[in-house]
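Residue-level structure breakdown
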Amino acid sequence: MTAKQEWLTIAQDALTKTYVPYSHFSVGACLVTKEGKTYQGVNIENASYGLTNCAERTAIFKAVSEGEREFQHLIITGKTPEPISPCGACRQVMAEFCEPDMPVTLVGEHGVTKEMTVGELLPYSFSGKDL
């Protein structure tokens, strides 16, 4: 099994751990540090929808809360016919913590994938240098 296949397995395993009692829309993520450490993320819903947290942000926040700052890959998977698309908030968080050329693999329900970079997902992003 290649490293990327292992990361995909971690992201797909996350689909079984989501908390989605309202939308029933499970999303899983696997964020990989430059050293190869993995952080699994799941979406966690709340009855007050604005307080819901996406899988991508869960993985990033877990890693950052443990001191990680350098990442090499993010895999996002969901039960969508086409490769899943991250929301705008997740794209902005990716832009904050990941290099623009970092690969992001988007995976749909039947394994169909699309690989993009953080910069392609959010071109002309807002950053700290804009402050």
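Residues numbered from 1 in each chain as written. Predicted model: local features only at pLDDT ≥ 70, side-chain atom pairs only at ≥ 80, totals over all residues. Heavy atoms only, no water.

1. Quick notes on the UniProt feature "binding site: substrate" (unreviewed entry) in the protein chain
- Those residues carrying the UniProt feature "binding site: substrate" (unreviewed entry) are Asn43, Ile44, Glu45, Asn46, Ala47, Ser48 and Tyr49 in this numbering.
- With respect to the secondary-structure elements, Ile44 resides in the loop between strand 2 (38-42) and helix 2 (55-65).
- Ile44 sits in the partly exposed class, given a relative accessible area of 37%.
- When near neighbours in sequence (up to four residues on either side) are disregarded, Ile44 contacts Tyr19, Thr52, Asn53 and Thr58.
- The residue Tyr49 is located in the loop between strand 2 and helix 2 in this model. (UniProt positions renumbered as here; feature names shortened; annotations may be inferred. Helix = DSSP H or I, 4+ residues; strand = E, 2+ residues; numbered from the N terminus. Buried < 20%, exposed > 50% of the residue type's maximum accessible area, 1.4 Å probe, protein only. Contact = heavy atoms within 4.5 Å.)

2. Focus: the environment of Ala47
- Inspection of the secondary structure puts Ala47 in the loop between strand 2 and helix 2.
- Judged by relative accessible area, Ala47 falls into the exposed class, the value being 54%.

3. Details of the pattern of salt bridges
- Scanning the entire structure with this criterion turns up 3 salt bridges.
- For Glu115, the salt bridge identified is with Lys4, shortest N-O distance 2.5 Å. With Glu115 in strand 5 (residues 113-117) and Lys4 in helix 1 (residues 3-14), the pair connects residues that are 111 residues apart, well separated along the chain. (Salt bridge = Lys/Arg side-chain N within 4 Å of Asp/Glu carboxyl O.)

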